[in-house]
Structure formats: structure tokens, C-alpha cells
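These are the residues of each chain, in order.
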Amino acid sequence: MSIRVIRSGLLTMVQDLGRFGFQKDGVTVGGAMDQFAHRIANILVRNEESEGTLEMTFIGPTLAFEEDALVAICGGRYVAGSLKRASMGKKCHYGALFSLNRGVYLRSVIVVQDVEHI
């Protein structure tokens with residue numbers, strides 16, 4: 001899959017399930033902060049659970065898809081939209097699944113948290 005980053009957002013990282021067995025060498029396990037959401041996103045798009053995902057914090061990126069793609073957005077509550085779709089700016093439910101055509105821009109994904117969770 002080819003994705004062009006238009007805007008990176010705040011703290012957007014590629015994550016997997018982490019690297020085990022290197023703690024003795026001083027390397028942390030790392031990996032996705034929300035491993036449940038990571039696994040669900042991969043399952044929804046028919047990937048292996050351990051495949052990489054984009055982990056986004058607060059303000060997500062704007063991405064241009066250079067080929068057709070099936071995209072899952074999981075984790076916290078958020079607003080996502082497309083520059084070429086009627087879904088622009090709609091709140092998405094946990095495990096939202098989008099089928100995007102080549103050339104479509106997925107616009108900033110904004111993670112919304114309740115004050116009691118900050």
C-alpha cells in the first residue's frame with residue numbers, strides 16, 4: 001500500500017506489538033500503547049494482528065492514498081473525514097472501517113478525550 005503524508009499530525013507513529021527478548025540488552029519492548037485497538041484494526045482489514053499500524057495522539061495526520069485501501073480506525077473517540085467523501089467531519093464509532101479509493105485524502109483524525117481521562 002502506498003500512502004503519502006500530507007500533514008503528519010501530532011505524535012503519529014508506526015507501531016507493532018513490540019520487540020520481546022531484548023530487555024536484557026536495555027531495549028524496551030515498545031509497541032502499540034493500545035494493543036487491543038491495534039489488533040482489532042488489523043483484524044478488520046484482514047491483516048495479521050502483528051502488522052504495523054499508525055498510532056495517533058490527539059491530532060492525526062492527513063494522508064493521501066495512492067491506491068485503493070481498506071482503512072480501520074480504532075481506539076479513542078475521534079472525528080475523521082475525507083476530502084472526497086460525504087463522511088467528512090462525522091464522528092466515527094470504535095472500529096470504523098472505510099473503503100477509500102485511489103487519490104482520496106483522509107483528513108485529520110482528531111482524538112477526543114473526556115476530561116476525567118486526561
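Residues numbered from 1 in each chain as written. Predicted model: local features only at pLDDT ≥ 70, side-chain atom pairs only at ≥ 80, totals over all residues. Heavy atoms only, no water.

Enquirer: Sorry if this is basic, but what is going on with the overall build of the chain here?
Expert: On a plain count of helices and strands, the chain comes out with 1 helix and 9 strands. Residues counted as buried form 31% of the 118 residues belonging to the chain. When contacts within the chain are restricted to residue pairs at least 6 apart in sequence, those whose partners lie at least 24 apart make up 65%. Looking at the chain as shown, the accessible area adds up to about 7,800 Å², and 56% of this sits on carbon and sulfur atoms. (Helix = DSSP H or I, 4+ residues; strand = E, 2+ residues; numbered from the N terminus. Buried < 20%, exposed > 50% of the residue type's maximum accessible area, 1.4 Å probe, protein only. Contact = heavy atoms within 4.5 Å. Areas by Shrake-Rupley, 256 points an atom, 1.4 Å probe, with all protein chains shown as cover.)

Enquirer: Would you mind showing me how to read a nonpolar patch on the surface here?
Expert: A cluster of nonpolar residues, Leu10, Leu11, Met13, Phe58 and Ile59, forms a patch on the protein surface that exposes about 450 Å² of accessible area. Structurally, Met13 can be placed in strand E2 (residues 13–15). (Patch = residues over 30% accessible without salt bridge, like charges linked within 9 Å, V, L, I, M, F, W, Y side chains within 5 Å. Salt bridge = Lys/Arg side-chain N within 4 Å of Asp/Glu carboxyl O.)

Enquirer: Would you explain helix H1 (residues 35–44) in this entry?
Expert: Note that an α-helix has 3.6 residues per turn; residues three or four places apart therefore point the same way. Ala37, His38, Ala41 and Asn42 are the residues of H1 that are buried. Angular distribution of buried residues about the axis of H1 spans 130°; they occupy a single face of the element. Structurally, H1 contributes buried residues whose contacts are with E2, strand E3 (53–55) and strand E5 (69–73). One or two positions beyond H1, positive phi appears at Arg46, with a value near 65°. (Arc of directions from axis to C-beta.)

Enquirer: I would appreciate a short explanation of the side chain of Gln15 in the present structure.
Expert: Of note, Gln15 is situated in strand E2. Once you skip the residues sitting within four places of it in the chain, Gln15 turns out to touch Gly31, Ala32, His38, Glu51, Gly52, Thr53 and Glu55.

Enquirer: Looking at this model, I keep getting lost on the side chain of Asp16. Mind explaining?
Expert: You can see Asp16 is positioned in the loop between E2 and H1. Using a relative accessible area of 18% as the deciding quantity, one classes Asp16 as buried. Within the structure, Asp16 has its side chain in polar contact with the backbone nitrogen of Gly18 (distance 2.8 Å). When near neighbours in sequence (up to four residues on either side) are disregarded, Asp16 contacts Gly31, Ala32, His38, Ser50 and Glu51. (Polar contact = N/O pair within 3.5 Å; in protein donor to acceptor, adjacent residues only side chain to side chain.)

Enquirer: I keep staring at unusual backbone geometry and nothing clicks. Help me out?
Expert: Backbone geometry follows two general trends: most residues other than glycine have a negative phi, and most peptide bonds adopt the trans configuration. Within the chain, Leu11 stands out as a residue other than glycine whose phi angle is a positive 55°. For Leu11, the location among the structural elements is in the loop between strand E1 (3–7) and E2. Even without being a glycine, Arg46 presents a positive backbone phi close to 65°. Inspection of the secondary structure assignment puts Arg46 in the loop between H1 and E3.

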